[in-house]
Amino acid sequence: MSSQDPHTLFISDLHLHQSRPGINDLFRQFAEQDAVRADAVYILGDLFEFWYGDDDDDPLNLEIQDVLASITAAGTPVFFIHGNRDFLLGTGFENKAGVQCLAEETVIDLYGTPTLVMHGDSLCTDDHEYMKFREMVRNPANQKAFMAMPLSERRKMATDIRQQSQQAMQLKANDITDVNDQAVEQAFRRNQVQRLIHGHTHRPAIHDLTIDQHSAQRYVLGDWYDQGSLLYASPTGLELRNKPLSE
Ligand code: LP5
Ligand code: MN
């Protein structure tokens, strides 16, 4: 299939950070070679390892906003859904990067098929500790208080939270950090769709389901750790593809 055919690209969980130069390069390559040829690009969260606020002066985070702006300048719209690492991306980021942030559950028309897109963390309802944490950090009053802190303190607090999260993760069984089947079914019903695309779990797969006697598909995007990972969607179908680091 030629890359000139109509297609839309979905990515998530890149966790871009200065400690992973190879992955940062791969994303720059993705922007120059893949994104600009697509009808649209959807980033379904966790593009950044951390986002401390739109006044973040981290050089890599600043440069990535320019990379995103180059995609939209070339005529490909870029849409973004917040992840659990970068939920503080706001209008400052949108304006600088030329990206449009979407609601945490958004139904798009993907070549005629209504398709629900989301980060996926809200589906992990068996992870009770995380759900409590999520409620706390997604609370606008808590976010406002956090944003009132100096950038250096925000960085320190985020690093502390990250450490606590890593410790907590070591104690969690594998299936606790995956999606809950009922939460998935409810998301399909609530949004009246038969197709869902999400990331977060880092378990790339295509799951065929039956919901209320209808067939449905759940596409899970992969992370960008050992390679790039994307979902290539065209009018004829959807395909998970890898983007090797050495490319
Ligand atoms: O990120 P990942 O995939 O490794 O793990 C996630 C869940 N962890 C998180 C935390 C992030 O890794 C780090 C977040 C940085 C935020 C920066 C900005 C802070 C802004 C504050 C604004 C008010 O999302 C992990 C899940 C896992 O996915 C799988 O789904 O299990 O969840 C946890 O590990 C959470 C722990 O269970 C509980 C965390 C305890 C931390 C308590 C700190 C309290 C301070 C609150 C301050 C408001
Ligand atoms: Mn995530």
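Note that the coordinates shown come from a computational prediction; the quantities given were computed from them, not determined experimentally.

Definitions and limits used
- Residues numbered from 1 in each chain as written.
- Chains lettered and ligands numbered in written order.
- Predicted model: local features only at pLDDT ≥ 70, side-chain atom pairs only at ≥ 80, totals over all residues.
- Heavy atoms only, no water.
- Near = heavy atom within 4 Å.
- Polar contact = N/O pair within 3.5 Å; in protein donor to acceptor, adjacent residues only side chain to side chain.
- Areas by Shrake-Rupley, 256 points an atom, 1.4 Å probe, with all protein chains shown as cover.
- 1 Å grid on protein atoms, 1.4 Å probe; cavity = no way out; pocket = protein on both sides within 12 Å on 5 of 7 lines; lining within 4 Å.
- Sits in = over half its atoms within 2 Å of the grid points.
- Helix = DSSP H or I, 4+ residues; strand = E, 2+ residues; numbered from the N terminus.
- Donors = N, O, S within 2.8 Å, 3.2 Å for Na, K, Ca; no water.
- Buried < 20%, exposed > 50% of the residue type's maximum accessible area, 1.4 Å probe, protein only.
- Pairing = 2+ DSSP bridges.
- Expected span 1.5 Å × (residues − 1).
- Arc of directions from axis to C-beta.
- Contact = heavy atoms within 4.5 Å.
- Points joined across faces, edges and corners; volume = space filled by probe spheres on them.
- Nonpolar A, V, L, I, M, F, W, Y, C, P; charged D, E, K, R; others polar.

### Focus on the site of ligand 1
Taken together, 23 residues sit near ligand 1, with Arg85, Asp127, Arg162, Lys172 and His200 positioned nearest. Arginine 85 places a polar side-chain atom, nitrogen or oxygen, 2.6 Å from an oxygen atom of ligand 1. With respect to ligand 1, the side chain of glutamate 129 contributes an N or O atom lying 3.2 Å from an oxygen atom. Burial of ligand 1 by the protein amounts to 89% of the accessible area it has alone, namely 1100 Å². Judged by the proximity of its atoms to the pocket grid, ligand 1 belongs to the largest pocket. Secondary-structure elements contributing two or more residues to the shell around ligand 1 are helix 4 (128–137), helix 5 (140–147) and helix 6 (151–170). Of the residues forming the shell around ligand 1, the biggest block, seven residues, is contributed by helix 6.

### Topic: the coordination of the manganese ion (ligand 2)
Those protein atoms acting as donors to the manganese ion (ligand 2) are Asp46 (OD), Asn84 (OD1), His119 (NE2) and His200 (ND1), and they sit at 2.0 to 2.3 Å. The sequence motif formed by the donor residues of the manganese ion (ligand 2) is D-x37-N-x34-H-x80-H. Linking aspartate 46 in the loop between strand 2 (40–43) and helix 2 (59–73) with histidine 200 in the loop between strand 7 (195–198) and strand 8 (205–211), this pair joins segments that are 154 residues apart in sequence. Of the two residues, aspartate 46 and histidine 200, neither departs from the other in class, the shared state being buried.

### As for the pairing of strand 10 (residues 228–234)
Within a regular strand, the side chains alternate between the two sheet faces. Most of strand 10 is tucked away, with seven of its seven residues classed as buried. Pairing geometry for strand 1 (residues 8–11) and strand 10, over three bridges, is antiparallel. Bridge pairing in strand 10 places phenylalanine 10 opposite leucine 231. As defined by bridge partners, strand 10 adjoins strand 11 (residues 237–243) across seven bridges and the pair is classed as antiparallel. What sits directly across from leucine 230, in strand 11, is arginine 241. Where strand 10 folds back on strand 11, the antiparallel hairpin that results is connected by two residues.

### Thoughts on helix 6
The terminal C-alpha atoms of helix 6, which comprises 20 residues, lie 29 Å apart, in line with the 28 Å expected from a rise of 1.5 Å per residue. Within helix 6, burial applies to Leu151, Arg154, Ala158 and Ala168. Axial view of helix 6: buried residues confined to an arc of 100°, hence all on one face. Of the residues in helix 6, the exposed ones pointing more than 90 degrees away from the buried face are Ser152, Lys156, Gln164, Gln167 and Gln170. Considering only its buried residues, helix 6 is in contact with helix 4 and helix 5.

### Here we look at the layout of surface pockets
Quantified by volume, the largest pocket comes out at close to 1100 Å³. Residue assignment for the lining of the largest pocket shows that the elements contributing at least two residues are helix 4, helix 5 and helix 6. A class-by-class count of the residues in the lining of the largest pocket yields 19 nonpolar, 11 polar and eight charged.

### Side note on the sheet that holds strand 11
Taken together, six strands build an open sheet; the order of strands is 4-3-2-1-10-11 and the sheet is mixed. Lying at the two open borders of the sheet, with one neighbouring strand each, are strand 4 (100–101) and strand 11. Of the strand pairs in this sheet, strand 2 and strand 3 (residues 78–80) are connected by three bridges, and their pairing is parallel. Across the sheet, valine 41 pairs through a bridge with valine 78, a residue of strand 3.

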